[in-house]
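Structural characterization, general
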2 protein chains.
Amino acid sequence: MKLLILAKVPDDMKEVARKMAESIGMQAIFEEDGNDWSDVEALLSFIPKLRTMNSYISKLPKLKLIQTLSAGVDLLDFNQIPDNITVCSNAGAFALPVAEHAVSMAMALSKNLLSNHMKMKNGVFNQRSPSIKLEGKMAGVLGYGGIGREIGRLCRGIGMELQVISRKLVSENVSFSGNLDSLDRVLQSSDFVFISLPLNRYTKNLITSDKLKKMKKDAILVNVARAAIINEQDLYNHLRENPEFKAGIDVWWQEPITTGEYEMKYPFLDLPNVIGSPHNSGIVPDIDINAFMSALKNVELWMKTGKPHNVVRREDYT
Amino acid sequence: MKLLILAKVPDDMKEVARKMAESIGMQAIFEEDGNDWSDVEALLSFIPKLRTMNSYISKLPKLKLIQTLSAGVDLLDFNQIPDNITVCSNAGAFALPVAEHAVSMAMALSKNLLSNHMKMKNGVFNQRSPSIKLEGKMAGVLGYGGIGREIGRLCRGIGMELQVISRKLVSENVSFSGNLDSLDRVLQSSDFVFISLPLNRYTKNLITSDKLKKMKKDAILVNVARAAIINEQDLYNHLRENPEFKAGIDVWWQEPITTGEYEMKYPFLDLPNVIGSPHNSGIVPDIDINAFMSALKNVELWMKTGKPHNVVRREDYT
């Protein structure tokens, strides 16, 4: 069975990929190698190719499976993907480092590390500068998939309580679990709010001015999911008007990998209550090969059983 | 029994302090209130008064106990304190927030939060900017008292392994435990090194160029104890020559509270591999009252049993 790999892969990695695919009974081919695509039944795709997936589908008459290498599938245009093609995300593949990054941002904000560092650079040494104590605080985790569960584990390790927004009811070790209907309740009562939801029709523009105003005045909001879950202008205004409110932002409304450019409509990084990072939360050593293996294992599962993990619910996106 | 309180205390707090002292059968008096000191047997002192303790001792003929409000007692001149006076530190009173601050610094450095934020401000958005994965890393904790144990708890919660330098052998949940004779071994094999030692004759200038060179090239060093445990010039040079090596520095060689001024001999804060904070790791809500209560409880223990906690070993300091 032929597997088309739509990703920039260095030559030595190509060889590894071919061998790994072979070990599960597949023949891996790469876009730039000019192979025959008429009998390709599955493909692996990384983010940049998701935007132009439609142009590939028309050339792949036998395609049955799209397996993304990214955890998010929000760049796919599901209206253009025939129903007989199964789409699987790589949810969970980046969960551990992304969660570590999210909690690191929250902790850095709670201790004012960036703003105090800058003040010290300017000669201000305020030993009485207060911080937030983490132990005993309430963490609200919006989206309790791979990333959310890892965030929960880290928050518990710090001694925080946990409440989660999840499709499925979560019973282990949480103070509260509810679906998006309970969002307000979780926003109101959390000291830390982590966004680890997929971007889909239910979550796009979920966090607006109205929701931000429901949160505690000195809450810390961290987004490591997708920017468009939060309204850009509303967040900027809220941060400017509420200097005690803080945000850790790893995902942006205009990123080079998605929109081709890096541009901010609002000067978030000039605010002292923001820490920004360049959507690099998942980039730790070996993550590429691990994510590739995770995706390939799912292709194997699909091939052997017809029941892969992380099958995307199209109705969430259309 | 009279207890002299050498600390700036607001009037409403004075009333609380008097009542708390009364509840353990003591009469609390304050320096500025002009009381008779001839029968004072115990005193509580915060950092600024430790430097001038000698001038008080000569006026307190009945003094038997000095209980500090700070965790460190390094500012006392033990050569000038008569042997019949017991000195107790407030070790542990600030342990939780200080440990949270230390681990927050380590995590922020591991994810390059400050340096990437500054790069983004300058228009550089590098989504492939790599980070360190925390899970599975080795944390070396130098000094396993109140702060060190809390650091250990947090590191375990992240999924790190732990090795500790401690006077007493530590058996619970550590990969290795040894005293200062094992320092090199711990420095060599740790990805993260936390300094939570008291400053005394054994630890002053403990970390020199020689020790830094034994550490991993990309290790992260965090000091929340006392600056003088590390050689200032050696650390600066090591950081400049090893850009992959990172340091979180909360305690400084010249601080307003100890030397009256804030001055750096070397421009640590211009280095991209440093995060600095103004020795504020312990400052969380209610910490003053909690530290005061912790110190007062120890005075009570001393009064009732003659066996208080945290009795300072003078021989460590002289």
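Conventions and cut-offs
Residues numbered from 1 in each chain as written. Chains lettered and ligands numbered in written order. Predicted model: local features only at pLDDT ≥ 70, side-chain atom pairs only at ≥ 80, totals over all residues. Heavy atoms only, no water. Least-squares fit on C-alpha atoms with pLDDT ≥ 70 in both. Contact = heavy atoms within 4.5 Å. Pairing = 2+ DSSP bridges. Helix = DSSP H or I, 4+ residues; strand = E, 2+ residues; numbered from the N terminus. Axes fitted to C-alpha atoms, helices over the stretch in contact; angles between N-to-C directions. Phe/Tyr/Trp six-rings, centres within 6.5 Å; stacked < 30°, edge-to-face > 60°. Buried < 20%, exposed > 50% of the residue type's maximum accessible area, 1.4 Å probe, protein only. Salt bridge = Lys/Arg side-chain N within 4 Å of Asp/Glu carboxyl O. Buried area = accessible area lost by both parts, 1.4 Å probe. Nonpolar A, V, L, I, M, F, W, Y, C, P; charged D, E, K, R; others polar. Domains from an automatic or database assignment. Polar contact = N/O pair within 3.5 Å; in protein donor to acceptor, adjacent residues only side chain to side chain.

As annotated in an unreviewed UniProt entry, chain A carries the name Glycerate dehydrogenase and comes from Cuniculiplasma divulgatum.

Here we take up the relation of the copies chain B and chain A. The transformation that overlays chain B on chain A combines an axial shift of 0.0 Å with a rotation of 180 degrees, and the residual RMSD is 0.0 Å. What the superposition gives is, in effect, a two-fold axis relating one chain to the other. Every residue of chain B has its C-alpha some distance from the rotation axis, and the shortest such distance is that of Gly-157 of chain B, at 2.0 Å. Both copies share a contact surface, since 100% of the interface residues of chain B are interface residues in chain A too.

Residue and element names in this part refer to chain A. With parallel pairing, seven strands are arranged side by side in an open sheet as β8-β7-β6-β9-β10-β11-β12. The two strands at the open ends of the sheet, each matched to only one other strand, are β8 (176-178) and β12 (274-276). Adjacent strand axes in the sheet meet at a mean angle of 10 degrees when their direction is disregarded. With three bridges joining them, strand β7 (residues 161-165) and β8 adopt parallel strand pairing. By the bridge assignment for β8, Ile-165 is matched with Gly-178.

On to the packing of aromatic side chains. Here the structure, examined in full by the defined rule, presents 16 aromatic pairs over all chains. Relative to Phe-268 of chain B, the ring of Tyr-236 of chain B lies with its centre 5.4 Å away and its plane at 85 degrees, an arrangement referred to as edge-to-face. Of the two residues, Tyr-236 of chain B is situated in helix α9 (residues 232-241) and Phe-268 of chain B in the loop between α10 (256-259) and β12 (274-276); the sequence distance between them amounts to 32 residues. Each of the two residues, Tyr-236 of chain B as well as Phe-268 of chain B, counts as buried. Pairwise contacts between aromatic rings join Tyr-236, Trp-252, Trp-253, Tyr-266 and Phe-268 of chain A into one cluster.

The next point concerns the pattern of salt bridges. In a structure, side chains of opposite charge can pair up when their charged atoms sit close to one another. Residue and element names in this part refer to chain A. In total, this model carries 42 salt bridges over all chains according to the counting rule given. Where Asp-33 meets Lys-14, a salt bridge forms, and the shortest distance between an N and an O atom there is 3.4 Å. Residue Asp-33 is found in the loop between β2 (27-30) and β3 (40-45), and its partner Lys-14 is found in helix α1 (residues 11-23); the two are separated by 19 residues along the sequence. Here Lys-14 falls in the buried class, since its relative accessible area comes to 6%. For the salt bridge of Arg-167 with Asp-316, the shortest nitrogen-to-oxygen distance reads 2.8 Å. Of the two residues, Arg-167 is situated in the loop between β7 and β8 and Asp-316 in the segment after α11 (287-305); the sequence distance between them amounts to 149 residues. Taken together, the salt bridges that share partners define one network made up of Lys-14, Glu-15, Arg-18, Glu-32 and Asp-33.

Accessible area lost on assembly of the parts is the figure often given for the size of an interface. Contact residues are listed per partner, giving 54 residues for chain B and 54 residues for chain A. Taking both sides of the interface into account, the surface hidden between chain B and chain A amounts to around 4,900 Å²; carbon and sulfur atoms contribute 62%. Scanning the region where chain B abuts chain A turns up eight salt bridges. Residue Lys-121 of chain B pairs with Asp-270 of chain A through a salt bridge whose shortest N-O separation is 3.5 Å. At nine residues, helix α4 (residues 95-110) of chain B tops the list of elements feeding residues into the side of chain B that touches chain A. Of the residues that constitute the side of chain B that touches chain A, the class distribution is 29 nonpolar, 15 polar and 10 charged.

Residues and elements named next belong to chain A. By the assigned domains, chain A splits into domain 1 (2-93 + 285-316) and domain 2 (95-276). When each unit is reduced to the centre of its C-alpha atoms, the spacing between domain 1 and domain 2 is 31 Å. Counting from both sides, the interface comprises 12 residues of domain 1 and, opposite them, 11 residues of domain 2. Taken over both partners, the interface formed by domain 1 and domain 2 buries close to 1,000 Å², and the fraction arising from carbon and sulfur atoms is 50%. At the junction of domain 1 and domain 2, the tally comes to two salt bridges. Counting across the domain 1 and domain 2 interface gives five residue pairs in polar contact (both at pLDDT 80 or more). Taken together, the residues of the side of domain 1 that touches domain 2 sort by class into five nonpolar, two polar and five charged.

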